[in-house]
Amino acid sequence: MRATWLTDIHLNFMRPLALKAFYDRVKQEAPDVLLVTGDIGESDSVARFVDELRALAPIYYVLGNHDYYRSSLRAVRTTLPPGWLPGEGAVQLTERTVLLGVDGWGDARCGDLASTVQLSDWQLIEELTEVRYDRAERIGRLQVWGTTEAFVLGELLAAAPPSEHLLVLTHVPPFPEACIYDDVQSEPAWLPWFTCIATGEVLAEYARAWPQKQITVLCGQSHGIGCHNPLPNLEVRTGGWPAGIEGYGNPVVQATLDV
Ligand SMILES: [Fe+2]
Ligand SMILES: [Fe+2]
């Protein structure tokens, strides 16, 4: 099965002709399935883009922070088209491979917590605006969100049917070493908001418990290309762009995997 991976495509930045050219580029991959690891559009466009991508091939996806912009997690998650992975449970993709996923969230558990980086998330996502100016409250809320994402991931893993290979989609890199920008690990000031330590803990624990199972994690968020192997059977691939190449308005096919 040809599984074409897209991430951080931010299609809301595309004009119609460029969008059509991108869809034609995806079609060239002859995908049997599309796997999308978030930041597809914004709250008012993400459902339309998911449906347009579905016209190219069946789609499974998780959402990124941008997909919630100008709305709330609560509202966006109640109106999503089919294919959002936490909602689909564990999917038997092929005889060998089971697919599952969660959005993940930067959970303020690594890097420089005194960071002065300001994210648009805190202005544009309803549940975060009220903690925008209160660092301690904001950090507390993000940590709860990370824990919640990890809990859902744990439930999905526990319910997954046996398989040789597990494919996990998530937007936020689950290890700081997988949080790549311009070919290197993101700066400490960005790591708290761009890494989900809680999902990483769940993945590592699962990989240790199932040493015979190969686990591949696909993620995005940091917009750089990388690959990190925290354990022999756990590989985390981060999608993005090479150093110096702008990601916004420049969607690309990350890879077509043979699963
Ligand atoms: Fe992004
Ligand atoms: Fe993102």
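Residues numbered from 1 in each chain as written. Chains lettered and ligands numbered in written order. Predicted model: local features only at pLDDT ≥ 70, side-chain atom pairs only at ≥ 80, totals over all residues. Heavy atoms only, no water.

S.K.: How do you make sense of the coordination of the iron ion (ligand 1) when you look at a structure like this?
M.R.: A metal bound by six donors in octahedral fashion has ideal angles of 90 or 180 degrees, whereas one bound by four tetrahedral donors has an ideal angle of 109.5 degrees. Distances from the iron ion (ligand 1) to its protein donors, Asp8 (OD), His10 (NE2), Asp39 (OD) and His223 (NE2), fall at 2.1 to 2.3 Å. Taken together, the four donor atoms coordinating the iron ion (ligand 1) and their angles of 89 to 171 degrees define a geometry best described as irregular. In terms of primary sequence, the donors binding the iron ion (ligand 1) are separated according to D-x1-H-x28-D-x183-H. The metal-metal distance between the iron ion (ligand 1) and the iron ion (ligand 2) is 3.6 Å, with Asp39 coordinating both. (Donors = N, O, S within 2.8 Å, 3.2 Å for Na, K, Ca; no water. Tetrahedral: all angles 85-135°; square planar, octahedral: opposite > 155°, others 65-115°.)

S.K.: Which parts of the structure should I look at to understand the packing of aromatic side chains?
M.R.: Aromatic ring pairs: the centre-centre distance and the angle between the two ring planes describe each pair. Applying the stated criterion across every chain, the model contains seven aromatic pairs. Ring centres of Phe22 and Tyr23 lie 6.3 Å apart, and the angle between their planes is 45 degrees; on these two criteria the pair is classed as tilted. What makes Phe22 buried here is its relative accessible area of 4%. Ring geometry for Trp190 against Phe194: centres 5.4 Å apart, planes inclined by 85 degrees, an arrangement best described as edge-to-face. For Phe194, a relative accessible area of 13% puts it in the buried group. Members of the aromatic cluster, each reached through a chain of ring pairs, are Tyr68, Trp105 and Trp145. Its guanidinium or amino end placed over the ring of Trp122, Arg138 lies 3.9 Å from that ring's centre, counting from NZ or CZ. (Phe/Tyr/Trp six-rings, centres within 6.5 Å; stacked < 30°, edge-to-face > 60°. Buried < 20%, exposed > 50% of the residue type's maximum accessible area, 1.4 Å probe, protein only. Lys NZ or Arg CZ within 6 Å of the ring centre and 35° of its normal.)

S.K.: Please explain the side chain of Thr199 as it appears in this structure.
M.R.: Secondary-structure assignment places Thr199 in helix 9 (residues 197–209). Since its relative accessible area comes to 2%, Thr199 is described here as buried. If sequence neighbours within four positions are ignored, Thr199 has contacts with Val102, Glu149, Ala150, Leu153 and Pro174. (Helix = DSSP H or I, 4+ residues; strand = E, 2+ residues; numbered from the N terminus. Contact = heavy atoms within 4.5 Å.)

S.K.: Please clarify how unusual backbone geometry should be interpreted in this entry.
M.R.: As a rule of thumb, non-glycine residues mostly have phi less than zero, and peptide bonds are mostly trans rather than cis. Positive phi outside glycine occurs at Asp8, with the angle close to 50 degrees. Its place among the elements puts Asp8 in the loop between strand 1 (2–6) and helix 1 (16–28). A relative accessible area of 0% places Asp8 in the buried class. Unlike most non-glycine residues, Asp182 shows phi in positive territory, near 50 degrees. Structurally, Asp182 can be placed in the loop between strand 7 (180–181) and strand 8 (184–185). Relative accessible area serves as the criterion here: at 35%, Asp182 is assigned to the partly exposed category.

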